[in-house]
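The chain contents come next:
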Amino acid sequence: MSKISKAAKAVKKLDTGGIIRTIVRSGQATPGPPLGPILGQKGIPIGQFVKDFNEKTKELKEGIPLPVQIHVKPDRTYDLKIGKPTVSYFLKQAAGIAKGAGKTGHETAGMVSVRAVYEIAKVKGEDECFKIRNASMENVVRRIIGSAQSLGIKIVRDLSADEYKVFLEQREEKLKADAAAAAHAAAEALMAKKK
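Only a predicted model underlies this, so the values are computations on that prediction, with no experimental measurement involved. (Residues numbered from 1 in each chain as written. Predicted model: local features only at pLDDT ≥ 70, side-chain atom pairs only at ≥ 80, totals over all residues. Heavy atoms only, no water.)

A.B. asks: Mind showing me how you'd approach the UniProt feature "domain: Large ribosomal subunit protein uL11 C-terminal" (unreviewed entry) in the protein here?
C.D. replies: The residues that UniProt annotates with the feature "domain: Large ribosomal subunit protein uL11 C-terminal" (unreviewed entry) are residues 84–155. Along residues 84–155 the backbone is 56% helical and 10% strand, and the end-to-end C-alpha distance reaches 22 Å. (UniProt positions renumbered as here; feature names shortened; annotations may be inferred. Helix = DSSP H or I, 4+ residues; strand = E, 2+ residues; numbered from the N terminus.)

Now the structure itself:
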(Lines give C-alpha, C1' and ligand atoms only; values in the text may rest on other atoms or scores of the structure.)
Protein backbone atom coordinates (compact mmCIF):
# COMPACT_ATOMS: atom_id res chain seq x y z
CA MET A 1 0.00 0.00 0.00
CA SER A 2 1.41 3.39 -0.97
CA LYS A 3 1.95 6.25 1.44
CA ILE A 4 -0.80 8.23 -0.26
CA SER A 5 -3.45 5.51 0.22
CA LYS A 6 -2.39 5.09 3.87
CA ALA A 7 -2.79 8.83 4.36
CA ALA A 8 -6.17 8.78 2.60
CA LYS A 9 -7.38 5.96 4.89
CA ALA A 10 -6.20 7.86 7.95
CA VAL A 11 -8.09 10.95 6.78
CA LYS A 12 -11.26 8.91 6.20
CA LYS A 13 -11.05 7.41 9.69
CA LEU A 14 -10.56 10.82 11.30
CA ASP A 15 -14.03 12.24 11.75
CA THR A 16 -13.74 15.91 12.59
CA GLY A 17 -17.44 16.11 13.36
CA GLY A 18 -18.27 19.29 11.54
CA ILE A 19 -20.11 22.52 11.93
CA ILE A 20 -23.82 22.96 11.45
CA ARG A 21 -24.93 26.50 10.64
CA THR A 22 -28.61 27.31 10.79
CA ILE A 23 -31.11 29.93 11.90
CA VAL A 24 -33.38 29.02 14.81
CA ARG A 25 -36.03 31.22 16.40
CA SER A 26 -35.37 32.04 20.05
CA GLY A 27 -37.24 29.84 22.49
CA GLN A 28 -38.80 27.83 19.66
CA ALA A 29 -36.33 25.02 18.98
CA THR A 30 -38.22 21.75 18.44
CA PRO A 31 -37.08 18.20 17.72
CA GLY A 32 -39.05 18.18 14.46
CA PRO A 33 -37.95 19.29 10.99
CA PRO A 34 -35.87 21.06 9.86
CA LEU A 35 -33.58 21.01 12.91
CA GLY A 36 -34.22 17.48 14.22
CA PRO A 37 -33.13 15.50 11.13
CA ILE A 38 -29.95 17.57 10.73
CA LEU A 39 -28.94 16.96 14.35
CA GLY A 40 -29.96 13.29 14.15
CA GLN A 41 -27.64 12.69 11.18
CA LYS A 42 -24.73 13.96 13.24
CA GLY A 43 -25.72 11.83 16.25
CA ILE A 44 -26.49 14.76 18.54
CA PRO A 45 -29.13 14.05 21.21
CA ILE A 46 -31.95 16.19 19.83
CA GLY A 47 -33.90 16.55 23.07
CA GLN A 48 -30.82 17.77 24.93
CA PHE A 49 -30.00 20.30 22.20
CA VAL A 50 -33.57 21.66 22.19
CA LYS A 51 -33.48 22.00 25.98
CA ASP A 52 -30.04 23.75 25.90
CA PHE A 53 -31.00 26.14 23.10
CA ASN A 54 -34.35 27.14 24.60
CA GLU A 55 -32.70 27.62 28.01
CA LYS A 56 -29.98 29.88 26.55
CA THR A 57 -32.50 31.98 24.64
CA LYS A 58 -35.19 32.29 27.30
CA GLU A 59 -34.09 35.85 28.14
CA LEU A 60 -34.82 36.99 24.58
CA LYS A 61 -38.20 37.81 23.10
CA GLU A 62 -39.62 34.59 21.69
CA GLY A 63 -39.44 34.12 17.92
CA ILE A 64 -36.36 36.21 17.10
CA PRO A 65 -34.37 34.49 14.31
CA LEU A 66 -30.86 33.75 15.62
CA PRO A 67 -27.92 32.43 13.61
CA VAL A 68 -26.58 29.32 15.35
CA GLN A 69 -23.30 27.44 14.95
CA ILE A 70 -23.18 23.93 16.31
CA HIS A 71 -19.66 22.52 16.49
CA VAL A 72 -20.09 18.75 16.48
CA LYS A 73 -17.28 16.84 18.19
CA PRO A 74 -16.26 13.28 17.25
CA ASP A 75 -17.69 11.95 20.54
CA ARG A 76 -21.12 13.34 19.51
CA THR A 77 -21.08 16.20 21.96
CA TYR A 78 -21.41 19.75 20.72
CA ASP A 79 -20.58 23.36 21.40
CA LEU A 80 -23.35 25.85 20.75
CA LYS A 81 -22.66 29.42 19.60
CA ILE A 82 -25.65 31.72 19.26
CA GLY A 83 -25.19 34.93 17.27
CA LYS A 84 -27.03 38.22 17.26
CA PRO A 85 -30.38 38.39 15.43
CA THR A 86 -30.25 38.54 11.65
CA VAL A 87 -29.87 41.82 9.76
CA SER A 88 -33.22 41.29 8.02
CA TYR A 89 -34.92 40.96 11.42
CA PHE A 90 -33.41 44.26 12.63
CA LEU A 91 -34.31 46.04 9.38
CA LYS A 92 -37.91 44.80 9.40
CA GLN A 93 -38.27 45.81 13.06
CA ALA A 94 -36.83 49.27 12.36
CA ALA A 95 -39.13 49.70 9.35
CA GLY A 96 -42.14 48.37 11.27
CA ILE A 97 -43.01 45.76 8.64
CA ALA A 98 -43.65 42.02 8.84
CA LYS A 99 -42.08 41.06 5.51
CA GLY A 100 -40.08 42.59 2.70
CA ALA A 101 -41.22 43.67 -0.74
CA GLY A 102 -42.74 41.09 -3.06
CA LYS A 103 -41.08 42.70 -6.09
CA THR A 104 -37.67 43.96 -5.01
CA GLY A 105 -36.65 47.05 -6.92
CA HIS A 106 -40.23 47.73 -8.05
CA GLU A 107 -41.87 48.50 -4.72
CA THR A 108 -40.86 49.96 -1.39
CA ALA A 109 -41.83 47.84 1.60
CA GLY A 110 -40.67 50.33 4.20
CA MET A 111 -38.16 53.00 5.12
CA VAL A 112 -35.44 53.31 7.73
CA SER A 113 -33.23 56.23 8.63
CA VAL A 114 -29.47 56.33 8.24
CA ARG A 115 -29.28 56.51 12.03
CA ALA A 116 -31.16 53.17 12.33
CA VAL A 117 -28.75 51.57 9.84
CA TYR A 118 -25.81 52.82 11.90
CA GLU A 119 -27.34 51.44 15.12
CA ILE A 120 -27.87 48.05 13.46
CA ALA A 121 -24.28 48.15 12.20
CA LYS A 122 -22.98 48.78 15.74
CA VAL A 123 -24.81 45.68 16.99
CA LYS A 124 -23.96 43.44 14.02
CA GLY A 125 -20.34 44.65 13.99
CA GLU A 126 -19.87 42.62 17.17
CA ASP A 127 -20.84 39.40 15.35
CA GLU A 128 -18.14 36.82 14.81
CA CYS A 129 -18.50 36.86 11.02
CA PHE A 130 -17.55 40.55 10.88
CA LYS A 131 -14.85 40.27 13.55
CA ILE A 132 -13.10 37.41 11.72
CA ARG A 133 -12.92 39.49 8.55
CA ASN A 134 -11.83 42.53 10.55
CA ALA A 135 -14.57 44.46 8.76
CA SER A 136 -14.66 48.21 9.13
CA MET A 137 -17.84 49.95 10.22
CA GLU A 138 -18.20 51.24 6.64
CA ASN A 139 -18.23 47.68 5.25
CA VAL A 140 -20.78 46.55 7.85
CA VAL A 141 -23.02 49.52 6.95
CA ARG A 142 -22.70 48.71 3.22
CA ARG A 143 -23.78 45.11 3.79
CA ILE A 144 -26.75 46.28 5.83
CA ILE A 145 -27.75 48.73 3.08
CA GLY A 146 -27.50 45.86 0.57
CA SER A 147 -29.78 43.73 2.75
CA ALA A 148 -32.22 46.64 3.03
CA GLN A 149 -32.33 47.00 -0.75
CA SER A 150 -32.99 43.28 -1.20
CA LEU A 151 -35.91 43.57 1.24
CA GLY A 152 -37.29 46.61 -0.57
CA ILE A 153 -36.50 48.93 2.35
CA LYS A 154 -35.50 52.46 1.40
CA ILE A 155 -32.77 54.25 3.37
CA VAL A 156 -33.58 57.92 4.04
CA ARG A 157 -31.69 60.69 5.83
CA ASP A 158 -34.51 61.82 8.07
CA LEU A 159 -37.75 60.03 8.82
CA SER A 160 -40.64 61.76 10.55
CA ALA A 161 -43.12 59.53 12.33
CA ASP A 162 -46.13 61.23 10.71
CA GLU A 163 -44.82 60.88 7.14
CA TYR A 164 -43.93 57.25 7.74
CA LYS A 165 -47.36 56.49 9.21
CA VAL A 166 -48.98 57.87 6.04
CA PHE A 167 -46.57 55.81 3.90
CA LEU A 168 -47.42 52.59 5.77
CA GLU A 169 -51.16 53.24 5.49
CA GLN A 170 -50.85 53.85 1.73
CA ARG A 171 -48.77 50.68 1.33
CA GLU A 172 -51.33 48.63 3.27
CA GLU A 173 -54.11 49.93 1.00
CA LYS A 174 -52.03 49.09 -2.09
CA LEU A 175 -51.33 45.56 -0.82
CA LYS A 176 -55.05 45.00 -0.18
CA ALA A 177 -55.92 46.32 -3.65
CA ASP A 178 -53.27 44.09 -5.25
CA ALA A 179 -54.57 41.04 -3.36
CA ALA A 180 -58.15 41.81 -4.41
CA ALA A 181 -57.08 42.24 -8.04
CA ALA A 182 -55.20 38.93 -7.94
CA ALA A 183 -58.21 37.15 -6.44
CA HIS A 184 -60.50 38.69 -9.10
CA ALA A 185 -58.12 37.60 -11.89
CA ALA A 186 -57.98 34.07 -10.46
CA ALA A 187 -61.78 33.91 -10.27
CA GLU A 188 -62.10 35.08 -13.88
CA ALA A 189 -59.56 32.51 -15.01
CA LEU A 190 -61.52 29.79 -13.21
CA MET A 191 -64.78 30.93 -14.82
CA ALA A 192 -63.12 30.95 -18.26
CA LYS A 193 -61.93 27.35 -17.73
CA LYS A 194 -65.44 26.18 -16.84
CA LYS A 195 -66.90 27.60 -20.09
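A.B. asks: Before we go on, may I ask you to explain the packing of aromatic side chains in this structure?
C.D. replies: The description of an aromatic ring pair uses the distance of the two centres, along with the angle that the planes make with each other. A complete count under the given rule lists four aromatic pairs for this structure. Aromatic side chains Phe-49 and Phe-53 sit 6.2 Å apart centroid to centroid with 20° between the ring planes, which places their arrangement in the stacked category. Here Phe-49 pairs with Phe-53, and both are found in helix H3 (residues 46–56), just four residues apart, close to one helical turn. Here Phe-49 matches Phe-53 in class, with each residue buried. Note on Tyr-164 and Phe-167: the rings are 5.8 Å apart at their centroids and 20° apart in plane angle, and the pair reads as stacked. Of the two residues, Tyr-164 and Phe-167 both sit in helix H8 (residues 161–194), three residues apart, roughly one turn of that helix. By the burial criterion, Tyr-164 is buried, and Phe-167 matches it. A connected cluster of aromatic rings, assembled from ring pairs, spans Phe-49, Phe-53 and Tyr-78. (Phe/Tyr/Trp six-rings, centres within 6.5 Å; stacked < 30°, edge-to-face > 60°. Buried < 20%, exposed > 50% of the residue type's maximum accessible area, 1.4 Å probe, protein only.)

A.B. asks: Which parts of the structure should I look at to understand the pattern of salt bridges?
C.D. replies: Note that side chains of opposite charge can pair when their charged atoms are close. A full pass over the atoms with the stated rule returns eight salt bridges. Its salt-bridge partner being Glu-107, residue Arg-171 comes within 3.6 Å of it at the nearest N-O pair. Remark: Glu-107 occurs in the loop between helix H4 (87–95) and strand E4 (110–113) and Arg-171 occurs in helix H8; sequence separation between them is 64 residues. With relative accessibility at 21%, the residue Glu-107 sits in the partly exposed group. (Salt bridge = Lys/Arg side-chain N within 4 Å of Asp/Glu carboxyl O.)

A.B. asks: What's the story with the nonpolar core in this structure? I'm lost.
C.D. replies: Considering soluble globular proteins, one finds that nonpolar side chains tend to be buried as a cluster. The biggest cluster of nonpolar side chains holds 39 residues, and the ones touching the most others in it are Ile-44, Phe-49, Phe-53, Ile-70, Leu-91, Ile-144 and Ile-153. Sort the elements by how many residues they give to this core and H4 lands first, with five residues. Residue contributions to this core reach at least three from each of two domains, namely domain 1 (14–82) and domain 2 (85–159). In this structure Phe-53 touches Val-24, Arg-25, Ser-26, Gly-27, Ala-29, Leu-66, Val-68, Leu-80 and Ile-82, once residues within four positions along its chain are discounted. (Core = buried A, V, L, I, M, F, W, Y, C linked by side-chain atoms within 4.5 Å. Domains from an automatic or database assignment. Contact = heavy atoms within 4.5 Å.)

A.B. asks: Would you mind going over unusual backbone geometry with me for this structure?
C.D. replies: With the exception of glycine, most residues fall at negative phi, and the peptide bonds are largely trans. Residue Pro-34 is bonded to the preceding Pro-33 through a cis peptide linkage, with omega at 0°. Examined against the element boundaries, Pro-34 turns out to sit in the loop between strand E1 (18–25) and helix H2 (35–41). Phi is positive for Asn-134, which is not a glycine, with a value near 55°. On the accessibility criterion, Asn-134 (69% relative accessible area) is exposed.

A.B. asks: When you look at the packing of H4 against helix H7 (residues 137–151) in this model, what are you seeing that I'm missing?
C.D. replies: Packed helices, taken two at a time, are described by the angle between their axes plus the distance between the axes. Where H4 contacts H7, the axes come no closer than 10 Å and their chain directions differ by 65°. The angle between the axes of H4 and H7 places the two elements in the roughly perpendicular class. Crossing geometry of H4 relative to H7 is assigned as right-handed. For the pair formed by H4 and H7, the contact residues are Val-87, Ser-88, Leu-91 and Lys-92 on the first element and Ile-144, Ser-147, Ala-148 and Leu-151 on the second. Among the residues making up the contact of H4 with H7, the classes are represented as five nonpolar, two polar and one charged. (Axes fitted to C-alpha atoms, helices over the stretch in contact; angles between N-to-C directions. Parallel < 35°, antiparallel > 145°, perpendicular 65-115°, else oblique. Left-handed = near helix turned anticlockwise from the far one by under 90°. Nonpolar A, V, L, I, M, F, W, Y, C, P; charged D, E, K, R; others polar.)

A.B. asks: Can you walk me through the packing of helix H5 (residues 114–124) against H7 in this structure?
C.D. replies: It is the contact of H5 with H7, at a shortest axis distance of 9 Å, that shows an interaxial angle of 115°. Here H5 runs over H7; the crossing is right-handed. Between H5 and H7, the contacting residues are Val-117, Tyr-118, Ile-120, Ala-121 and Lys-122 on the first element and Met-137, Val-140, Val-141, Ile-144 and Ile-145 on the second. Residues that form the contact of H5 with H7 fall into these classes: nine nonpolar, no polar and one charged.

A.B. asks: Whenever I open this one, the domain arrangement of the protein confuses me. Can you help?
C.D. replies: Bring the parts together and some accessible area is lost; that lost area is often taken as the interface size. By the assigned domains, the protein splits into domain 1 (14–82), domain 2 (85–159) and domain 3 (161–194). On a C-alpha basis, the centres of domain 1 and domain 3 stand 40 Å from each other.

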